[in-house]
Amino acid sequence: MTTANWQVTFYSAAFQKELLLLPAGFVARFLRYAERMELYGSDLGMPHTRAMGDGLFELRLKAAEGIARVFYCTLVGRRIVMLHQFVKKSEKTARKELDIARKRMREVKDAEQP
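Residues numbered from 1 in each chain as written. Predicted model: local features only at pLDDT ≥ 70, side-chain atom pairs only at ≥ 80, totals over all residues. Heavy atoms only, no water.

### Section: the packing of aromatic side chains
- Inspection of the entire model under this criterion finds four aromatic pairs.
- Relative to Phe15, the ring of Phe10 lies with its centre 6.4 Å away and its plane at 50 degrees, an arrangement referred to as tilted.
- Relative accessible area serves as the criterion here: at 21%, Phe10 is assigned to the partly exposed category.
- In this structure an aromatic cluster arises from ring pairing among Phe10, Phe15 and Phe30. (Phe/Tyr/Trp six-rings, centres within 6.5 Å; stacked < 30°, edge-to-face > 60°. Buried < 20%, exposed > 50% of the residue type's maximum accessible area, 1.4 Å probe, protein only.)

Written as structure tokens, this is what we have:
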């Protein structure tokens, strides 16, 4: 059995609960990808993950229920922090979703500073 090299964490307990309340297909995909990320790191490659710039990434979930995205960043010490999720309703990612994720990423990274 392979041991995890990375640790997947969440922006907050409330966000973790929100993510796990998504429709079952999304949760199943998220858990499978999170397991892979713990083994292989944050970049699973397209079509699973994509860099959004400035250290922000998206986990791309596709299930019978539709399409969802989970934004995340990485921190020193091989930590992956899940920041924000939303169910996609249009082709383009809404600016407000990106803004929420970027704000949370700044908070998480600022908290890392000694």
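Having seen the structure, we can now continue with the description.
### Some remarks on the nonpolar core
- Counting 20 residues, the largest nonpolar core has Phe30, Met37, Leu59, Leu61, Val70, Ile80 and Met82 as the members making the most contacts within it.
- At the level of elements, helix 1 (13–20), helix 2 (24–40), strand 3 (56–63), strand 4 (66–75) and strand 5 (79–88) are the ones that each hand at least two residues to this core.
- It is helix 2 that contributes the most residues to this core, six residues altogether.
- The residues contacting Met37, other than those within four sequence positions of it, are Trp6, Val8, Ser42, Leu44, Thr49, Leu59, Tyr72, Ile80 and Met82.
- Residues Leu83, Leu98, Met105 and Val108 belong to the second largest nonpolar core, which totals 12 residues. (Core = buried A, V, L, I, M, F, W, Y, C linked by side-chain atoms within 4.5 Å. Helix = DSSP H or I, 4+ residues; strand = E, 2+ residues; numbered from the N terminus. Contact = heavy atoms within 4.5 Å.)

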